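# Reading the structure
This is what each chain is made of:
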Amino acid sequence: MPAPADAHAAPKAANFLRSIIERDLDAGTYQGRAFAGSPGDAAHHAAGAPDPAKIRTRFPPEPNGYLHIGHAKSICLNFGLAHDYGGVCHLRFDDTNPEKEEQEYVDAIVEAVHWLGFDWNANGTSHLFYASDYFDFMYRAAEALIGAGLAYVDEQSAEEMRASRGDFTTPGTESPFRGRTPAENLARFREMRDGLHADGSMVLRAKIDMASPNINLRDPTIYRIRRATHHNTGDTWCIYPMYTYAHPIEDALERITHSICTLEFEDQRPFYDWLLEHLADLGLLARPLPRQYEFGRLNMTYVMTSKRKLRQLVEEKIVAGWDDPRMPTVFGLRRRGYTPAAIRAMADGTGASKTNIWLEYAVLEQCLRADLEGQAPRAMAVLDPLPLELTNWAEVFGSDTHVEPCAAPAHPQHPEYGQRAFGLSRTVWVDRDDFAEAPPKGFHRLFPGNKVRLKYGMVVECTGCEKDAGGRVTKVTARVVPDTKSGTPGADAVKVKGTITWVGADGIEATVNLYDRLFTEPQPDAGGRDFRDVLNPASLVVVRARLEPGLAAAAREQRFQFERHGYFVADRELHGPGVPVFNRIATLKDGFAPGAQAA
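Read on for an overview of the structure. Owing to the predicted nature of the structure, the values given are computational and were not obtained by experimental measurement. Here the residue index of a chain counts from 1 through its sequence in written order. This being a predicted model, a pLDDT of at least 70 is required before a residue's local features are given, and a value of 80 or more before pairs of side-chain atoms are given or counted; all residues contribute to the totals for chains, interfaces and linings. Only heavy atoms go into the side-chain values, all of them from the structure, while hydrogens and water stay out.

### Structural notes on the packing of aromatic side chains
Any two rings among Phe, Tyr and Trp, with Trp reduced to its six-membered ring, count as a pair given centres within 6.5 Å; such a pair is stacked if its planes are under 30 degrees apart, edge-to-face if over 60, and tilted if neither. Going through the model one piece at a time under the given rule, you end up with 21 aromatic pairs. Between the aromatic rings of Phe 135 and Trp 237, the centroid separation amounts to 6.3 Å while the plane-to-plane angle is 80°, which identifies the pairing as edge-to-face. With a gap of 102 residues between them, Phe 135 in helix H5 (residues 135-147) and Trp 237 in the loop between strand S10 (221-225) and strand S11 (239-241) connect regions that are remote in the sequence. When sorted by exposure, Phe 135 lands in the same class as Trp 237, which is buried. Where Tyr 139 meets Phe 189, the ring centres are 5.0 Å apart and the plane angle is 10°; that geometry is what we call stacked. Taken as a pair, Tyr 139 in helix H5 and Phe 189 in helix H7 (residues 182-193) lie far apart in primary sequence, 50 residues in all. The burial state of Tyr 139 is the same as that of Phe 189; both residues are buried. Taken together through their ring pairs, the aromatic side chains of Phe 135, Tyr 139, Phe 189, Tyr 223, Trp 237, Tyr 240 and Tyr 245 make up a single cluster. A positively charged side chain is recorded as over a ring if its NZ (Lys) or CZ (Arg) lies within 6 Å of the ring centre. The angle to the ring normal must also be within 35 degrees. Taking the ring centre of Phe 35 as reference, the NZ or CZ of Arg 56 above it sits at 3.8 Å. For Arg 517, the ring lying beneath its charged end belongs to Tyr 302, and the centroid distance is 5.0 Å. Secondary structure elements are taken from DSSP: a helix is a run of H or I of four residues or more, a strand is a run of E of two residues or more, and numbering for both begins at the N terminus. Exposure classes here rest on a 1.4 Å probe applied to the protein chains alone. A residue is buried below 20% of its type maximum, exposed above 50%, and partly exposed in between.

So this is what it looks like as structure tokens:
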């Protein structure tokens, strides 16, 4: 499986999952097992060759929404472990719930995993699978459980089953249908399959132990009647397996060795093992069987990852869509300008533990800065443009229309990137906060009587400003100090304390989206709070900026460091009609101290 090549990648930190895998490899737990090249039952794999993969992991999303930063962590973990230990990671769609799943989400997930830098092709084989392709086997396995007296059809109502389940202090009560013979149960189950009964009128349950202290073992439901068109199988089925039944079977058919999931599935592990052991005993599944291991979920401050709440943000038009750059979806992060390498670095840096963690959003921003600092081309930008008129321009250069050519390296550490060119003219644009009529202490930029250097250009001395009727500054005036152009012998003749960025008349206009965190609180929905109460009114500020002329040729998703301002990316609208659009990815420095802590 190809792995992304991350520059300056740090050694992978040890964690309990790596220890488990290394223990299994040392013990030869999965050595010599057969793999027929595609998923299948025990007989299918018995005819296969020894598995070339030392381990097999999987990323198994349900295609009922767009992937978010938490999914990205799981993708990096599963694909990364497989790569590091000579294995293969499968991309599998857990599409057993037809009412919520759509092809749109399948396509989006495939694109997101590819964009993050991972691939499921290995040993000449694609390892992209659908749980729905295993429906025939799942049905056959259910009939085998019924025949062995390990499953039964229950015709109680949902309310009756809920009441008879008991709680953590009270054992459950057995269903009046639990004592049916295998033949009776098989007949009723086939009637369910053939559509002879209404939705919700009966279910198939595993027969385990209604007194078990683990409520998940109190005869869990494994099949229900649900008339719904499936995105992959159409109307072939009117009964569908439950996730807790389907998932372990999917792992076994694909010969997964290490089934890695988040902590909320820990209580389901006993049923996972119960089901696979019995199906192996019945000759349907090959040994050695998969084992499930749970790690702590990643939560990030100033972010929500609930699919329901993210959907609410979209449907209520609080954001502009699933790829809004303020969204924690993979598509939102991509449009914001985050790089796959930065996301992978964040995932690798947080490792895996047995506790849920809260990660400061600043950690992700740090990973982004570390990735872009060494590679993002530089450019000058003026985000709040204020004209600066150089009143002695004609005196110095002989003409008010003269344009003095200036140049700067595209990247200070990469001479191979070449030079960027722009012109200094009589009127240039500077940022409004670079001028102060009455400067505070320590202010070294433009104010009457002060000299500053226009970066890569010349030294100028501020002479004053012009204002409108309301007292707002509309223009700053200054005089050029002759023979002070950067890179010339006279450049150091005049010493100044301040250097400011600027854009000349040859610059371009652009719309720049200044994105910030969507919420004002680190945990927006903590304690049942309505997250809409803590929306950040300044999460998007749109400005009309002036940029270096070379940025007119920026490619979609090309990233830059706007000097003094931060990292920005050319938005998808760049190639549309009108003015180009850039999104701020992150500022140059953190707004607060980062850190991660256990939940």
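### Thoughts on unusual backbone geometry
Note the cis peptide between Arg 287 and Pro 288, where omega equals 0°. In the Ramachandran plot, Lys 317 falls in the positive-phi region, its phi being about 60° despite a non-glycine side chain. With respect to the secondary-structure elements, Lys 317 resides in the loop between helix H10 (307-315) and helix H11 (330-336).

### Here we look at the sheet that holds strand S28 (residues 559-562)
What makes two strands pair is DSSP finding at least two bridges between them. Strand order in the open sheet formed by seven strands is S16-S28-S29-S30-S26-S27-S17, with mixed pairing between adjacent strands. Each edge of the sheet is formed by a strand with only one pairing partner; in this case those strands are strand S16 (378-379) and strand S17 (381-382). Across two bridges, the pairing between S17 and strand S27 (residues 540-547) is antiparallel. Opposite Ala 381, over in S27, you have Leu 547 as the bridge partner.

### A short note on the state of the cysteines
Counting rule for disulfides: a pair of cysteine sulfur atoms within 2.5 Å. Overall, the coordinates contain zero disulfides when judged by the stated rule. With no disulfide partner, Cys 89 has as its closest neighbouring cysteine sulfur the one in Cys 76, 11 Å distant.

### Concerning empty space enclosed by the protein
Here a cavity is any set of points on a 1 Å grid over the protein atoms alone where a 1.4 Å probe fits but cannot get out, and a pocket is any open set with protein on both sides within 12 Å along at least 5 of 7 lines; a residue lines the site when it has an atom within 4 Å of a point. Grid points are joined across faces, edges and corners, and a volume is the space filled by probe spheres set on the points. Under the defined criterion, the tally for this structure stands at five cavities of 30 Å³ or more. If you trace the second largest cavity, you find it lined by Tyr 243, Thr 244, His 247, Pro 248, Cys 261, Phe 265, Gln 268, Phe 271, Tyr 272 and Gln 292. With four residues, helix H8 (residues 243-253) is the single largest residue contributor to the lining of the second largest cavity. In this classification, the charged set is Asp, Glu, Lys and Arg, the nonpolar set is Ala, Val, Leu, Ile, Met, Phe, Trp, Tyr, Cys and Pro, and all remaining amino acids, among them Gly, are polar. When its residues are assigned to classes, the lining of the second largest cavity shows six nonpolar, four polar and no charged.

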